[in-house]
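Single-letter residue listing:
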Amino acid sequence: MPARENASQINRSQLIDRITTKQKHLSPRDVDEAVKLVFDHIAEGLAQNDRVELRGFGSFSLRERQPRMACNPRTGDHVMLGTRHVPHFKPGKSLRERLRDLFQ
Amino acid sequence: MGKTLTKTDLAARLVDQIGLNRAESRELVDALLNEISTALCAGEDVRLWGFGNFILRDKAARPGRNPRNGEETVIVPRRVVTFRPGQKLRKKVEGHE
């Protein structure tokens, strides 16, 4: 899949600014704290192998990676990696369709 | 496999920890997810340090098949969102068992 050229991006603080602009009744401090708590909560859930299902947006879950022999590129040592888990995100139907329709 | 967390669970924690009321908390969770979606739809990648990056990818048209009737079709070019988990999140979940 090609990476997009000149891709623009936003970070956490820009995201918080945008939310704060629209949620004028909430203090920027509360919004900042809330965003942190939400992502911490999702991370904690995943760490317990919970599924996180955010209707419309998408879902987070863990995918299992098979154990394998790996090689440390710096030292050349071989090490056995056990079964590992990596976070996986599946975009929800409405997000997928919105992106697809806008792109046409 | 554990339980399933929903927006309601995320909002409940905001009630407990920030002291927002139920409606405000739910609204804030929706606003956060909406704002991420809106940025993505505007062609912006969303990078959340420690958690991960939501990255847009443009995929070219390719031949495909309708799984129901086996007919060959063209899958139209599309933009998809992928998630690259951050180091901190990877570390946190990799050895949970």
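In this report, the structure presented in the accompanying data block is examined. Every value quoted in this text rests on a predicted model; they were computed, and no experiment measured them. (Residues numbered from 1 in each chain as written. Chains lettered and ligands numbered in written order. Predicted model: local features only at pLDDT ≥ 70, side-chain atom pairs only at ≥ 80, totals over all residues. Heavy atoms only, no water.)

1. Re the pairing of strand 5 (residues 72-75) of chain B
All names here are of chain B. For strand 4 (residues 62-65) and strand 5, the ladder comprises 4 bridges, and the chain directions are antiparallel. When the sheet's bridge partners are listed, Pro-63 is paired in strand 5 with Val-74. The antiparallel hairpin formed by strand 4 and strand 5 contains 6 residues in its connecting segment, where Gly-70 sits at a positive phi of about 75°. (Pairing = 2+ DSSP bridges. Helix = DSSP H or I, 4+ residues; strand = E, 2+ residues; numbered from the N terminus.)

2. Description of the interface of chain B and chain A
The interface of chain B with chain A comprises 56 residues on the first partner and 57 residues on the second. Between chain B and chain A, roughly 5,800 Å² of surface is buried when both sides are summed, and carbon and sulfur atoms account for 67% of that area. Viewed at the interface, chain A and chain B are joined by 4 salt bridges. The partner of Asp50(A) in a salt bridge is Lys3(B), and the shortest N-O contact between them spans 3.2 Å. Taken together, the connections running from chain B to chain A amount to 13 residue pairs in polar contact (both at pLDDT 80 or more). Elements with a minimum of two residues in the side of chain B that touches chain A: strand 1 (4-5), helix 1 (7-18), helix 2 (22-41), strand 2 (44-48), strand 3 (52-59), strand 6 (78-85) and helix 3 (87-94) of chain B. Class assignment of the residues belonging to the side of chain B that touches chain A gives a composition of 28 nonpolar, 9 polar and 19 charged. Where strand 2 (residues 51-54) of chain A and strand 1 of chain B come together, 2 bridges link them in parallel fashion. By the bridge assignment, Val52(A) is partnered in strand 1 of chain B with Leu5(B). (Contact = heavy atoms within 4.5 Å. Buried area = accessible area lost by both parts, 1.4 Å probe. Salt bridge = Lys/Arg side-chain N within 4 Å of Asp/Glu carboxyl O. Polar contact = N/O pair within 3.5 Å; in protein donor to acceptor, adjacent residues only side chain to side chain. Nonpolar A, V, L, I, M, F, W, Y, C, P; charged D, E, K, R; others polar.)

3. With respect to the sheet that holds strand 2 of chain A
Judged by pairing direction, the sheet is mixed, and its 4 strands sit side by side in the order 6(A)-3(A)-2(A)-1(B) without closing on themselves. If you trace the sheet from one side to the other, it starts and ends with strand 6 (84-91) of chain A together with strand 1 of chain B, each paired once.

4. Some points on the packing of aromatic side chains
In the structure shown here, the tally under the stated rule is 11 aromatic pairs over all chains. With a centroid separation of 5.4 Å and 45° between ring planes, the pair formed by Phe57(A) and Phe89(A) is classed as tilted. Residue Phe57(A) is located in the loop between strand 2 and strand 3 (58-65), and its partner Phe89(A) is located in strand 6; the two are separated by 32 residues in the primary sequence. Plain terms: the ring middles of Phe60(A) and Phe54(B) are 6.3 Å apart, the flat faces sit at 70° to each other, and that makes the pair edge-to-face. Of the two residues, Phe60(A) is situated in strand 3 and Phe54(B) in strand 3; the pairing between them involves two chains. Since its relative accessible area comes to 1%, Phe60(A) is described here as buried. Using a relative accessible area of 0% as the deciding quantity, one classes Phe54(B) as buried. Pairwise contacts between aromatic rings join Phe39(A), Phe57(A), Phe60(A), Phe89(A), Phe51(B), Phe54(B) and Phe83(B) into one cluster. (Phe/Tyr/Trp six-rings, centres within 6.5 Å; stacked < 30°, edge-to-face > 60°. Buried < 20%, exposed > 50% of the residue type's maximum accessible area, 1.4 Å probe, protein only.)

5. A short note on helix 1 of chain B
The terminal C-alpha atoms of helix 1 of chain B, which comprises 12 residues, lie 16 Å apart, in line with the 16 Å expected from a rise of 1.5 Å per residue. Buried within helix 1 of chain B are the following residues: Lys7(B), Leu10(B), Ala11(B), Leu14(B) and Ile18(B). The buried side chains of helix 1 of chain B occupy one side of the element, clustering within an arc of 95° when seen end-on. Buried residues in helix 1 of chain B make contact with helix 2 (28-47) and strand 2 of chain A together with helix 2 of chain B. Gly19(B) lies just past helix 1 of chain B and shows a positive phi near 80°. (Expected span 1.5 Å × (residues − 1). Arc of directions from axis to C-beta.)

6. Considering the sheet that holds strand 1 (residues 8-11) of chain A
The sheet built from 4 strands is open, its strands ordered 1(A)-2(B)-3(B)-6(B) with mixed pairing. Only two strands of the sheet have a single partner each, and these edge strands are strand 1 of chain A together with strand 6 of chain B. On average, each strand axis in the sheet is tilted by 25° relative to the strand beside it, whichever way the strands run. Bridge analysis of strand 2 of chain B against strand 3 of chain B gives 3 bridges, and the strand direction is antiparallel. Residue pairing for strand 3 of chain B: Leu48(B) is matched across the bridge by Gly52(B). Packed onto the sheet, helix 1 (residues 12-22) of chain A meets strand 1 of chain A together with strand 2 of chain B and runs at close to 80° relative to strand 1 of chain A. (Axes fitted to C-alpha atoms, helices over the stretch in contact; angles between N-to-C directions.)

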